[in-house]
Amino acid sequence: ASTDGSAMVSYAADSHALYGALYHTPGGSHKAGTMMPVYEWDTGRYLTDIPQLRETYSTVGNMNEHSLIIAESTYGGREELADSTGRIDYGSLIYITLQRAKTAREAIRVMTSLVEQYGYASSGESFTIADPDEAWIMEMIGKGPGRKGAVWVAVRIPDDCISAHANQSRIRQFNRKDKQNVMCSEDVISFAREKGYFDGKDSEFDFAAAYSPTDFGMQRYCEARVWSFFNRWADGMDRYLDYAAGKPISESCQPMPLFVKPNKKLSVHDVMMSMRDHYEGTPFDTQKDIGAGPYDAPYRPTPLSWKVDGKEYFNERPISTQQSGFTFVSQMRSWLPDAIGGLWFGNDDANTTPYTPIYCCTTNVPECFAEGTANDVTFSWESAFWVCNWVANMTYPRYSALFPDVEARRDRIEARLLGEQDEVEARAAALLKTSPDSCKAFLDTYTNRMSRKMLREWRRLGEYLIVK
């Protein structure tokens, strides 16, 4: 489904309290008996210690040195299935697995075995798990206090299709006999029967209906974003408009499929632009209602819903939001060496930041993206998080007057980086033939140089916007 045959995954870490940084964990050998502490990713709360493997892989962000990518979105699901005694949360699952697996299939086995052994400490979660050859979506939810482990299902996305998830369970019916494209826990159906969530034939089992039934908010705030992405690239999405609008499921209002075949092959730039969506040109277009104000702003303050005189109102929740801590588009190519896989990374809202290349062999995280350069309450001109937030927050109140300047500079930077990608990677591949270390050093240096250059340009843009 991609123009160059690559597997691509995009992600936005949406949290108003998250300082977006690029994390690096070095790989290497570990002595027998070494223990690894596990801390809850969202809170930093200590959970447990687990044995470290003898050999682990280097990671940078949500990617490891073998071009394995893992991302997520939280759907929550049935509240009674959250296990307060679990010892592996969803964030730890991602980053521990990146240190231990080379492929998507291996990652699924690692993640599910970890929760089986230590218990699952989070609510319902959707994971994107992809390598240069395959992309999978896995959905997982706990069994409640006192029941270690989780129920889960993973489905492979066909090579000619695109998929998405946005804080709502998306896997519905699946064929357990299709071992090549489906994996699941043995009790994924029987546990639902035991809990009274399902009483039909096995062939009729619907994971989302059993473990995360939809309501208006799940459809309008979550599934509508998936609909908007599909609507950009696939034909016939009008048939799911009522579902995205939040109308109850019925014969005439059916949920969307897990994946669709696009009407064209998507480029990296197409995926980048998909992350900047505000429902433009659809009935949910946030620039076409009174909330857009005199400057046609597609952004809205939180909360999503509120009451006035006893009546409840709500805003749309688009893909592109002011609440993103960081965002990326990954690009994994099976015909290139692992060292040349990578992320296009950015801080804050994808709409108001340029994506910058980060290669998976990077060991020196660019200062502007690194932990410790700043934090959520400490400003720094050397922090891309703060500079990108600064530019965005000046733009939002006078959007139609200032965003064209931001858009032009953003597109110019990305066009330059995309335009030189083939030349940079050809040089890296040539270096790899004679010296793997030279190749990695070249890409590491390039990653850092482009990140510094982006930060300088974005600071100058902010200065220009103040004057304008």
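Everything numeric in this text was worked out from a predicted model, so none of it was measured.

J.: Describe the sheet that holds strand S19 (residues 342-347), naming the residues involved and giving the relevant values.
T.: Hydrogen bonds between backbone atoms are what pair the strands of a sheet, whose relative direction is either parallel or antiparallel. Spatial strand order, S1-S18-S19-S20: 4 strands in an open sheet with antiparallel pairing. Looking at strand neighbours, the two that pair on one side only are strand S1 (7-14) and strand S20 (356-359), the edges of this open sheet. With direction set aside, neighbouring strand axes in the sheet form an average angle of 25°. Examined bridge by bridge, S1 and strand S18 (residues 324-332) share 8 bridges and lie antiparallel to one another. In the sheet register, Asp-14 faces S18, and the bridge partner there is Ser-324.

J.: Lay out helix H8 (residues 384-395) with the relevant residues and their values.
T.: With 12 residues, H8 should cover 16 Å at 1.5 Å per step; its first-to-last C-alpha distance of 16 Å lies within 8% of that length. Extensive coverage of H8 is indicated by the burial of 11 of its 12 residues. By the burial criterion, the buried members of H8 are Ala-384, Phe-385, Trp-386, Val-387, Cys-388, Asn-389, Trp-390, Val-391, Ala-392, Met-394 and Thr-395. In the core, the buried residues of H8 are packed alongside S18, S19, helix H9 (399-419) and helix H11 (436-467). Backbone nitrogen of Phe-385 and a side-chain oxygen of the N-cap are separated by 3.3 Å at the start of H8; the cap is Ser-383.

J.: Outline the packing of H8 against H9, listing residues and values.
T.: Two elements in contact, H8 and H9, have axes separated by 8 Å at closest approach and are oriented at 145°. The residues of H9 that touch H8, namely those facing Val-391, Met-394 and Thr-395, are Tyr-399, Leu-402, Phe-403 and Val-406. Here the contact of H8 with H9 is composed, by residue class, of 6 nonpolar, 1 polar and no charged.

J.: Quick one: what's the story with the nonpolar core, residue by residue and with numbers?
T.: For soluble globular proteins, the rule of thumb is that nonpolar side chains tend to be buried together. In terms of nonpolar packing, the biggest core is built from 83 residues, with Phe-230, Phe-328, Phe-369, Leu-443 and Trp-458 touching the most fellow members. Among the elements that make up this core, the one with the highest residue count is H11 (10 residues). In contact with Phe-369, not counting residues within four places along its chain, are Ala-21, Leu-22, Phe-345, Asn-347, Thr-356, Ile-358, Ala-384, Ser-451 and Met-454. Of all hydrophobic cores here, the second largest spans 38 residues; its members include Tyr-90, Ile-96, Ile-108 and Trp-136.

J.: I'd love a proper account of the packing of helix H10 (residues 421-434) against H11, names of residues and values included.
T.: Viewed as axis vectors pointing N to C, H10 and H11 meet at an angle of 155°, and their least axial separation amounts to 6 Å. As summarised for this structure, H10 and H11 are arranged roughly antiparallel, according to the angle between their axes. Along the contact surface, H10 presents Val-424, Arg-427, Ala-428, Leu-431, Leu-432 and Thr-434, while H11 presents Pro-436, Ser-438, Cys-439, Phe-442, Leu-443 and Tyr-446.

J.: Describe the state of the cysteines, and please don't skip the residues or the numbers.
T.: Evaluated as defined, the whole model comprises 0 disulfides. Its sulfur unpaired, Cys-222 is 15 Å from the next cysteine sulfur, which belongs to Cys-253. With a relative accessible area of 8%, Cys-222 lands in the buried category. Lacking any disulfide linkage, Cys-388 is separated from the closest cysteine sulfur, that of Cys-368, by 8.2 Å. Judged by its relative accessible area of 1%, Cys-388 is buried.

J.: Describe in detail a nonpolar patch on the surface, supporting the description with residues and values.
T.: A cluster of nonpolar side chains, namely Trp-306, Val-308 and Tyr-313, defines an oily patch on the protein surface of about 250 Å² accessible area. Mapping Trp-306 onto the fold places it in strand S16 (residues 305-308).

J.: Kindly report on the packing of aromatic side chains, identifying the contributing residues and their values.
T.: One pass over the structure, following the stated rule, counts 30 aromatic pairs. Aromatic side chains Phe-326 and Phe-345 sit 5.7 Å apart centroid to centroid with 25° between the ring planes, which places their arrangement in the stacked category. Linking Phe-326 in strand S18 with Phe-345 in strand S19, this pair joins segments that are 19 residues apart in sequence. Judged by its relative accessible area of 1%, Phe-345 is buried. Geometrically, the ring pair formed by Trp-381 and Trp-390 is edge-to-face, given 4.9 Å between the ring centres and 85° between the ring planes. The partly exposed category is assigned to Trp-381, whose relative accessible area is 42%. Members of the aromatic cluster, connected to one another through ring pairs, are Phe-174, Phe-191, Tyr-197, Phe-198, Phe-205, Phe-207 and Tyr-211. Between Arg-78 and the ring centre of Tyr-197, over which it is positioned, the NZ or CZ distance is 3.9 Å. Note that Lys-143 overlies the ring of Phe-191, its terminal NZ or CZ placed 5.9 Å from the centroid.

J.: Describe the environment of Phe-198, naming the residues involved and giving the relevant values.
T.: With respect to the helices and strands, the residue Phe-198 is situated in the loop between helix H3 (190-195) and helix H4 (207-211). Judged by relative accessible area, which is 15%, Phe-198 ranks as buried. Distance from Phe-198 to Ala-209, taken between C-alpha atoms, is 8.6 Å for residues 11 residues apart in sequence. Beyond its immediate chain neighbours, meaning those up to four positions away, Phe-198 contacts Ile-189, Ala-192, Arg-193, Glu-204 and Phe-205.

J.: For the pairing of strand S9 (residues 69-76), give the residues involved together with the corresponding values.
T.: Burial runs high along S9: 7 of the 8 residues are buried. Pairing geometry for S9 and strand S10 (residues 124-130), over 7 bridges, is antiparallel. When the bridges of S10 are listed, Ser-73 appears paired with Ser-126.

J.: Provide a residue-level description of the environment of Ser-169, including the pertinent values.
T.: With respect to the secondary-structure elements, Ser-169 resides in the loop between strand S13 (162-163) and strand S14 (182-184). Residues Ser-169 and Tyr-19, spaced 150 residues apart in sequence, show a C-alpha to C-alpha distance of 26 Å. In this structure Ser-169 touches Tyr-75, Ser-126, Glu-139, Phe-207, Ala-208 and Ser-212, once residues within four positions along its chain are discounted.

Conventions used here
- Residues numbered from 1 in each chain as written.
- Predicted model: local features only at pLDDT ≥ 70, side-chain atom pairs only at ≥ 80, totals over all residues.
- Heavy atoms only, no water.
- Pairing = 2+ DSSP bridges.
- Helix = DSSP H or I, 4+ residues; strand = E, 2+ residues; numbered from the N terminus.
- Axes fitted to C-alpha atoms, helices over the stretch in contact; angles between N-to-C directions.
- Expected span 1.5 Å × (residues − 1).
- Buried < 20%, exposed > 50% of the residue type's maximum accessible area, 1.4 Å probe, protein only.
- Contact = heavy atoms within 4.5 Å.
- Polar contact = N/O pair within 3.5 Å; in protein donor to acceptor, adjacent residues only side chain to side chain.
- Nonpolar A, V, L, I, M, F, W, Y, C, P; charged D, E, K, R; others polar.
- Core = buried A, V, L, I, M, F, W, Y, C linked by side-chain atoms within 4.5 Å.
- Parallel < 35°, antiparallel > 145°, perpendicular 65-115°, else oblique.
- Disulfide = S-S within 2.5 Å.
- Patch = residues over 30% accessible without salt bridge, like charges linked within 9 Å, V, L, I, M, F, W, Y side chains within 5 Å.
- Areas by Shrake-Rupley, 256 points an atom, 1.4 Å probe, with all protein chains shown as cover.
- Salt bridge = Lys/Arg side-chain N within 4 Å of Asp/Glu carboxyl O.
- Phe/Tyr/Trp six-rings, centres within 6.5 Å; stacked < 30°, edge-to-face > 60°.
- Lys NZ or Arg CZ within 6 Å of the ring centre and 35° of its normal.

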